[in-house]
Every structure is written in structure tokens, then in C-alpha cells.
Amino acid sequence: MKSNKFMGMALSLVLALSLLLAGCGGNSGNGKTGDAGQSNGDNGGNAAENVASKPKETVTLKAYFPGDKPVGFDEVLQAVNEKLKNDNIGAQLNINFLPWSDYGNSVAVKMSAGEEFDMYLDAPWLSMNQMIASNSILELDAMVAERQELKSSIPEEMWEYNKFNGKIMGIPLGTTQGPVYGLLIRKDLREKYGLPEIKTLEDLEKFLYTVKEQETDIRPFVINGIKADKLPFILSESANMALDEVLEIGVNMFAYSVKDKKVVGQWESPMIADAFERVTKYYKDGILSKNIAQEQNAETLFKQGKYAATYYAADGVEGLKYSEMLKDGSDKLEVFIPNGDQAKPYTAFQQWNFLCIPASSKHAELAMDVSNWLSIKENHDLMEYGIPGKDWEAIGDSSYKVLSNYSFPGYTLTWRPTLNRTPDTMTEDDKKWFDFSTDPANFTLSPTAGFTFDAEKVKTEYAKITPFHDSLFLPLAQGLLPADKGKEQLDSKIMSVGGQKVIDEIQAQIDAITAGK
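Residues numbered from 1 in each chain as written. Predicted model: local features only at pLDDT ≥ 70, side-chain atom pairs only at ≥ 80, totals over all residues. Heavy atoms only, no water.

1. Focus on the nonpolar core
Move 1: Counting 62 residues, the largest nonpolar core has Phe-254 and Ile-506 as its most contacted members.
Move 2: Counting residues per element, this core draws most heavily on helix 10 (residues 201-214), which supplies six residues.
Move 3: Once you skip the residues sitting within four places of it in the chain, Phe-254 turns out to touch Leu-247, Ile-249, Val-263, Val-264, Gly-265, Gln-266, Trp-267, Ile-465, Ile-494, Ile-503 and Ile-506. (Core = buried A, V, L, I, M, F, W, Y, C linked by side-chain atoms within 4.5 Å. Buried < 20%, exposed > 50% of the residue type's maximum accessible area, 1.4 Å probe, protein only. Helix = DSSP H or I, 4+ residues; strand = E, 2+ residues; numbered from the N terminus. Contact = heavy atoms within 4.5 Å.)

Here it is in C-alpha cells:
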């Protein structure tokens, strides 16, 4: 009995001392991790526990990301590192930006040379498949499972369908769950001519032809030539609908037919045949610019008021390019999504950017702890949007006001669908469709989900096919090549350089994915 009483007194003294220390610390730490860099699943933490625990030795984690260093980044990174220290994570970040032009090669050379670093951006369009094949990056399944904030900040569909050979080889970084395409329309022009809200392609066509006939200084529709390969997915009666075919499988110019379970060329797809015909007509009639192949300034031309419609994607980026047009307080823009009232697009939930950890990293667990810490809203917002009150100001839980020129490339590190904020300059239509695109429930699961094409077995043939995207497929999608001639030429050229072999390999890989479904 005396022993129990003594133990109770001792515990009371320890608790009192802990509370006293917490009161002196005065820090509201987030991101508490357990010993040896292991996450303890309570990264929200509390200050009393963090201050009472023994401060961890700070390890510097080195990261490489592409692009230019953001304006004001040094000050933000200092604030991030101070908070990492206060939250007793045991890490600080040393983030290095490399030019886009040589990013992939630079990282590969650093890995080959044995340079020690802990995080970097990779992707299937960079060198991720090769890095996986050479065991150069770490499998992350077990470490993700141990970190609840990280795991829950990214939808389960993103984790499941962005695996490589059934394993998590990088943290998938994205905000949207599938493609939603449409057009940005000059609402004021539509209303000027008494036209109803655009809900169908027929409505759109009437608007575009009315502008062509009535306006002398405003032309109907502008799109950058390189983006015109999206027109078949916009100007089709089947746009944004999950019908008989999955049109985008991550392999340029090819599609997968759900109906007959076969890989086909997009130029052969009956589901978007009407779109190719429509594009041919629009180019011939002057709805599309005669200069479309060389066009690179669509954004500027639309903002200058020289066009009545331009390309739109519900990705949280495209619509924001035009927010300055509304600074005068007008409501002159609106978004048109074909089949918008019944949109249920196919998606594979595929993301195109991944945070990877080199196999040579000595601090993999700690790097994952930092990723977990960045999956807590307060910490995420600090890195992504900058210093509160200086770089940005919160508007509720899901929006913010920009106060500076700080702009962090979230696709390299911080994108989390459940934590994303939208700027207060986003139009109502744009926010509506962006919010739509971030919700997995608004999409239909593609039967090819989980498929990522590995061209290694047909790399020679695939290399010969790839140039036809720019030389033939783009002109077809732009209307320069009439639909009938363009389709015929594509089929002839691609098949003459081993196209069927490539199709057979894509088919085999998709069959392996769909076999268990």
C-alpha cells in the first residue's frame, strides 16, 4: 500500500513538472513524432508533450525540385524550419531548385554519382520507371501506412491507382481526380446577342457563329496549337461522359474501347468521330484561327478581348489565368462544360507527379515524417501559401487572399486534395468545376486504372511513332488536316513503322491490369 502511494506521489510530481515546463515553453507545436523518426500517429500533438519530451537532434534533409526558386522562398523556408524545430520533428529542409531544361538528367547524374539526398520530384514522364527498375528509389507502403495524416490527406483512390507493380513508389501529388474539359466563354457577348446560357454543343456553335457574323474586332475561338489535341475531348457529344471508350490512357494518340476491350488509335474512335468532323468544319469556316498551328499566345489574346472563347480545364490553374479580367467588378466570364449537368467522366485517378525517396537516403523515415507533418493544414499552408499575414490571408478553411508574389510549386511537395485552398480571385464557375474535379465520387472508375505504359519492349517502334503526334495528330485535331485525310494518313504512317506491335504491347499490359477486375 505504501509503495502504491509513493508511486502516485511521484507521478503527480512528474505531471506537475511537465505542466510547469509546458507553461514556460509557450509553443503550440504540431507534428509530434515518436522516437527514432517513427510517426506515432498523433502529429497534431500538443505543446505540453512536445516541450516535455527530449528535443531531437536536427537532421538536414536535402531535396531537389525543378524550376525557379519562388520569390520570397528563403524567408518562408526559414519559417518552415523554425516550426519543424518547435514541433520537435528532428528535421530541417534544404530545398534546391534545378532548371527544368536539365532537371531529369541532373537528378539522374546525382544519383549515379552517389550524392546523398532525401527527396525529389519524379514522374513516369521523367525517369520514374527507370528508377524503379534499377531499384534506385524506395518502396513506401509500410511508411505510408504508419503516417495517418499523410495517408488521410490523399484520397484512397489516389493511393490505390498510382502504384507501380502494386507498390507505392512515390507520394502521388495532385489536386484533381480526373479530366474535366470545356471552354471559357465571354458571358457579356452571349448576353449582348440575347443568347441563352450555353448548355449544349449546339448552343456553343450558335454563339461562336454569331460572334463571327456580328463582331468586327472579336474573333470566335482561340487555343494554343499545342493544346489542340484536347479539342476532340471537348467538341464531342460524348465529352465528359463515361460511355463506351476510355479516351485517355496516358499514351498519346491511343485509346481503349470498353465495348470490345481493345486498344485503338484515337483517330479510329467512333466516340469522338463527330469531334474531328466538327474541328474540320470550324477551321474551314474561320471559327478557329487560321494560325492555330503556330498559336502560342491564346491566353494573352483572350485577356486582351480579341476572342470570345478559349480553352478551359477544371484543374485549378487554367481558369485563374483570366481572373484579372474581372478586376473591374464585372461578371463577363462563364465556363461551359459539355454535358455538364450529367458529367461523370472516366478516370484512372492517375497523377503525374510523385515525391520520391532515393534508396541511398539515410533518412527515409524522417523524410516521411516531414511529409506527414506537411499533411497537417497549418503546416501545409505555411509551405504552400507562405507566411500568414505577409504572403496570404485565410478566408475560411478553403479559400485565401494573396498578399505577395510568393508562389510555391505545390506539385513538387505539398499538393493534398483535402487541404487545398482556392484564391478569392477564382470565379464562381471555376471554383464550382474545380471542386467537382477534386471529388472522387464525381468520376467513373476506368477499367484501365492502374495502367502505366512501359515502352521498354517496343522502344524502337514507339520512338518512331511519337513524332507523328506533332506532325499528323495535332494538325488533325487543329482542323488543318481534314478529318478523312488525317485519319487515313495517321493509320498508314503509324502502321508502317511498327504501330501494330506497339498496340499489341499496350494491349498486353492493359490485359494484365484488367484480368483481375
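Having seen it, we continue.
2. Re the pattern of salt bridges
Proximity of charged atoms lets side chains of opposite charge pair with each other.
Move 1: One pass over the structure, following the stated rule, counts 32 salt bridges.
Move 2: Here Glu-318 makes a salt bridge to Lys-321, at a shortest N to O gap of 3.2 Å.
Move 3: What makes Glu-318 buried here is its relative accessible area of 6%.
Move 4: Each of Glu-146, Arg-147, Glu-365 and Asp-369 takes part in a single network of salt bridges with overlapping partners. (Salt bridge = Lys/Arg side-chain N within 4 Å of Asp/Glu carboxyl O.)

3. As for the sheet that holds strand 10 (residues 307-313)
Move 1: An order of 6-10-5-11 is seen for the four strands of this open sheet, with the pairing classed as mixed. Of all the strands in the sheet, the pair left with one neighbour each is strand 6 (219-222) and strand 11 (333-336). If you compare each strand with its neighbour and ignore which way they point, the axes differ by 25° on average.
Move 2: Judged from the five bridges that link them, strand 5 (residues 181-186) and strand 10 form a sheet pairing that is antiparallel. Note on strand 10: the bridge partner recorded for Leu-184 is Thr-310.
Move 3: The strands touched by helix 10 are strand 5, strand 6, strand 10 and strand 11; relative to strand 6, the strand with the most contacts, the crossing angle is about 125°. (Pairing = 2+ DSSP bridges. Axes fitted to C-alpha atoms, helices over the stretch in contact; angles between N-to-C directions.)

4. A look at the packing of aromatic side chains
Move 1: Inspection of the entire model under this criterion finds 24 aromatic pairs.
Move 2: Relative to Tyr-411, the ring of Trp-100 lies with its centre 6.5 Å away and its plane at 25°, an arrangement referred to as stacked. Of this pair, Trp-100 sits in the loop between strand 2 (91-98) and helix 4 (103-112) while Tyr-411 sits in the loop between strand 15 (399-402) and strand 16 (422-423), and the two are 311 residues apart along the sequence.
Move 3: You can call Trp-100 partly exposed: its relative accessible area is 41%.
Move 4: Ring pairing ties together the aromatic residues Trp-100, Tyr-103, Trp-125, Tyr-411 and Trp-415, which thus form one cluster.
Move 5: For the cation-ring pair, Lys-290 lies above Tyr-283, with the distance from its terminal atom to the ring centre recorded as 4.4 Å. (Phe/Tyr/Trp six-rings, centres within 6.5 Å; stacked < 30°, edge-to-face > 60°. Lys NZ or Arg CZ within 6 Å of the ring centre and 35° of its normal.)

5. Remarks on unusual backbone geometry
Move 1: The phi torsion at Met-253 lies on the positive side, around 80°, for a residue other than glycine.
Move 2: Mapping Met-253 onto the fold places it in the loop between strand 7 (245-246) and strand 8 (254-257).
Move 3: In the Ramachandran plot, Phe-349 falls in the positive-phi region, its phi being about 55° despite a non-glycine side chain.
Move 4: Of the residues examined, Phe-349 reaches a relative accessible area of 3% and is grouped as buried.

6. Quick look at the sheet that holds strand 3 (residues 119-122)
Move 1: Strand order across the open sheet formed by five strands is 2-1-3-13-4, with mixed pairing between neighbours. With partners counted over all chains shown, the strands left at the sheet margins are strand 2 and strand 4 (171-172), one partner each.

7. A few points about the pairing of strand 8
Move 1: Burial of the side chains of strand 8 extends over both faces: Phe-254 and Tyr-256 are buried on one face and Ala-255 and Ser-257 on the other.
Move 2: As paired elements, strand 8 and strand 9 (residues 262-265) share four bridges and run antiparallel to each other. Bridge pairing in strand 9 places Ala-255 opposite Val-264.
Move 3: In this structure, the hairpin formed by strand 8 and strand 9 is closed by a connection of four residues, where Lys-261 is found at a positive phi of approximately 60°.

8. Describing the packing of helix 12 (residues 273-285) against helix 18 (residues 468-478)
Move 1: In the contact formed by helix 12 and helix 18, the axes pass within 7 Å of each other and the chain directions differ by 70°. In terms of orientation, helix 12 lies roughly perpendicular with respect to helix 18. From helix 12, Phe-276, Val-279 and Tyr-283 reach across to helix 18, where they touch Phe-473, Leu-476, Ala-477 and Gln-478.
Move 2: Residues belonging to the contact of helix 12 with helix 18 are distributed by class as follows: six nonpolar, one polar and no charged. (Parallel < 35°, antiparallel > 145°, perpendicular 65-115°, else oblique. Nonpolar A, V, L, I, M, F, W, Y, C, P; charged D, E, K, R; others polar.)

9. Details of the side chain of Asn-420
Move 1: Relative to the elements of secondary structure, Asn-420 occurs in the loop between strand 15 and strand 16.
Move 2: Classification of Asn-420 as buried rests on a relative accessible area of 19%.
Move 3: Apart from residues no more than four positions distant in its own chain, Asn-420 is found in contact with Thr-175, Tyr-385, Ser-398 and Phe-434.

10. As for helix 12
Working note: α-helix, 3.6 residues per turn, so residues spaced by three or four point in the same direction.
Move 1: With 13 residues, helix 12 extends 19 Å between its outermost C-alpha atoms, agreeing within 8% with the 18 Å of an ideal straight helix rising 1.5 Å per residue.
Move 2: Ala-275, Phe-276, Arg-278, Val-279, Thr-280, Tyr-282 and Tyr-283 are the residues of helix 12 that are buried.
Move 3: On its buried face, helix 12 sits against helix 10, helix 11 (231-234), helix 18 and helix 19 (483-496).
Move 4: Positive phi shows up at Gly-286, right after helix 12, with a value of about 85°. (Expected span 1.5 Å × (residues − 1).)

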